[in-house]
Amino acid sequence: MFANDIATDLAEGRVLELAELYALDAVTDSERALIDDYIKDAPEGPEFLERVRQARETLAISFTAEEEPPARLFHDLMEKIAHEPRAQGVDAQDVEARGGDAEQGPGAPVVADKPAAPAAVADLDGARTKRAERRRLGGARGWLIGAAAAAVIAVAGVGIGGYMAGQNDPVAQVLQAQDVQKKTADVPGGGTATISASSAKDSFVVLMDGVAPAPSGKVYQLWTLPKDGSAPVPQGTMDAETLSKPAVVKGLSAASSVAITVEPTGGSQAPTSDPVLVVPLGSA
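Since we're looking at a predicted model, the values are computed, not measured. (Residues numbered from 1 in each chain as written. Predicted model: local features only at pLDDT ≥ 70, side-chain atom pairs only at ≥ 80, totals over all residues. Heavy atoms only, no water.)

### Let's talk about the overall build of the chain
- Secondary structure summary: the chain contains 8 helices and 8 strands in total.
- Here the chain holds 284 residues, and the buried ones make up 30% of them.
- By sequence separation, contacts in the chain at least 24 residues apart represent 60% of the contacts at least 6 residues apart.
- Within the structure as shown, the chain displays about 17,500 Å² of accessible surface, and the carbon and sulfur contribution to it stands at 57%. (Helix = DSSP H or I, 4+ residues; strand = E, 2+ residues; numbered from the N terminus. Buried < 20%, exposed > 50% of the residue type's maximum accessible area, 1.4 Å probe, protein only. Contact = heavy atoms within 4.5 Å. Areas by Shrake-Rupley, 256 points an atom, 1.4 Å probe, with all protein chains shown as cover.)

Pasting the structure below:
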């Protein structure tokens, strides 16, 4: 899975997965500069550059226009046709082949045979035949190259999709933020609660691990404790089904701590019990 930024991908060793994005210019100038700087001394540098070369070569070949004949070819052929001598009369072998037409009596009109095709016309027909053959072979080659190009684009598409998914996933945005800070606290009765906070995203993620569900008819409820000392702000509940899933809370900049209480099913507008856990949200 891609991170939300290039720097994190490079730091986590995903430079090769960025090759197709790089080849397709699907990165910004600053991201390209980061990649260029990274691959200078990275052991994956040669393989990265080879993948970029292959991707670009495949796309370039796919969109190469078919070679056209010289512009003067048609004019030259027509000039030759105009100056070719036309065949006159009948060849004896042709008369015999037509079944004895040569036995016509004196005075019978002589039917001239169809003029032989001028050499220039034959050349033109030959050129057309060869061109058709090139088109047929070129079409097959183009299909194969197109399939390869589609594969390159598909690979790149996966990469781009990964970035889009990360941008649309609020949990991933926090967990993959460059400034994320994590704190883990033990929960009374067993298990832990991990708080991952990002000032850049003004959010934090709460993840419970190994914590037993609240008693029947009860749920855990998250609260943020404002820095100004005002009343706790409810931030959602966690029942048996959602307890092990990450919960995202916005408004980090206004909160001093996160608290967890046990509340009636459906949650409360204000805490009805003492906190099970309170974790400060300041710097680690």
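On we go.
### Regarding the sheet that holds strand E6 (residues 247-250)
- If you walk across this open sheet you meet the 4 strands as E1-E2-E3-E6, and the pairing is antiparallel. The strands lining the two open edges of the sheet, one partner per strand, are strand E1 (181-186) and E6. Each neighbouring strand pair of the sheet contributes to a mean axis angle of 20 degrees, computed without reference to strand direction.
- Strand direction decides the pairing type here: strand E3 (residues 203-209) and E6, joined by 4 bridges, are antiparallel. Bridge pairing links Ser203 to Lys250 in E6. (Pairing = 2+ DSSP bridges. Axes fitted to C-alpha atoms, helices over the stretch in contact; angles between N-to-C directions.)

### Some points on the sheet that holds strand E5 (residues 233-238)
- Strand order across the open sheet formed by 4 strands is E5-E4-E7-E8, with antiparallel pairing between neighbours. Because the sheet does not close on itself, it has two edges, and the strands there are E5 and strand E8 (277-280). Sheet twist, expressed as the average angle between the axes of neighbouring strands with direction ignored, equals 20 degrees.
- Where strand E4 (residues 218-226) lies against strand E7 (residues 255-264), 9 bridges are found, and the strand directions are antiparallel. Paired with Tyr220 across the strands is Val262, a residue of E7.

### Topic: the nonpolar core
- The biggest cluster of nonpolar side chains holds 23 residues, and the ones touching the most others in it are Phe204, Met208 and Leu222.
- By size, the runner-up hydrophobic cluster in this structure holds 15 residues, among which are Ile6, Val15, Leu21 and Ala55. (Core = buried A, V, L, I, M, F, W, Y, C linked by side-chain atoms within 4.5 Å.)

### What to know about the packing of aromatic side chains
- Overall, the coordinates contain 1 aromatic pair when judged by the stated rule.
- Ring plane angle 75 degrees and centroid distance 5.3 Å describe the contact between Tyr22 and Phe48, whose orientation is recorded as edge-to-face. With Tyr22 in helix H2 (residues 19-23) and Phe48 in helix H4 (residues 45-62), the pair connects residues that are 26 residues apart, well separated along the chain. Like Tyr22, the residue Phe48 is buried in the burial classification.
- Lying across the ring of Tyr22, Arg32 places its NZ or CZ 4.2 Å from the centre. (Phe/Tyr/Trp six-rings, centres within 6.5 Å; stacked < 30°, edge-to-face > 60°. Lys NZ or Arg CZ within 6 Å of the ring centre and 35° of its normal.)

### Examining the side chain of Thr261
- Looking at the element boundaries, Thr261 is found in strand E7.
- Relative accessible area serves as the criterion here: at 2%, Thr261 is assigned to the buried category.
- Of the polar contacts made by the side chain of Thr261, one reaches the side chain of Trp223; its length is 2.8 Å.
- For Thr261, the contacting residues outside a window of four places in its chain are Val219, Tyr220, Gln221, Trp223, Pro271, Ser273, Asp274, Pro275 and Val276. (Polar contact = N/O pair within 3.5 Å; in protein donor to acceptor, adjacent residues only side chain to side chain.)

### Observations regarding the confidence of the model for the chain
- When pLDDT is averaged along the chain, the result is 74, and 60% of the positions lie at 70 or above.
- Below pLDDT 50 for its whole length, residues 137-167 participates in 36 contacts with residues either more than four positions away or in separate chains. (pLDDT = per-residue confidence, 0-100.)

### Considerations on the environment of Ser253
- Here Ser253 lies in the loop between E6 and E7.
- Ser253 sits 50 residues away from Ser203 along the chain, and the two C-alpha atoms are 8.0 Å apart.
- The residues touching Ser253, leaving out its near neighbours within four places in the chain, are Asp202 and Lys227.

### Regarding the pattern of salt bridges
- Summed over all chains, the structure comprises 3 salt bridges.
- Ionic pairing is found between Glu20 and Arg51, a salt bridge with its closest N-O pair at 3.1 Å. Of this pair, Glu20 sits in helix H2 while Arg51 sits in helix H4, placing them 31 residues apart in sequence.
- Taking the relative accessible area as the measure of exposure, Glu20 reaches 9% and is therefore buried.
- Residue Arg51 is classed as partly exposed on the basis of its relative accessible area of 25%.
- When the shortest N-O distance is used, the salt bridge between Glu50 and Arg53 registers 2.6 Å. Residue Glu50 and its partner Arg53 are located together in helix H4, separated by 3 residues, close to a single helical turn.
- By relative accessible area, which is 39% here, Arg53 ends up partly exposed. (Salt bridge = Lys/Arg side-chain N within 4 Å of Asp/Glu carboxyl O.)

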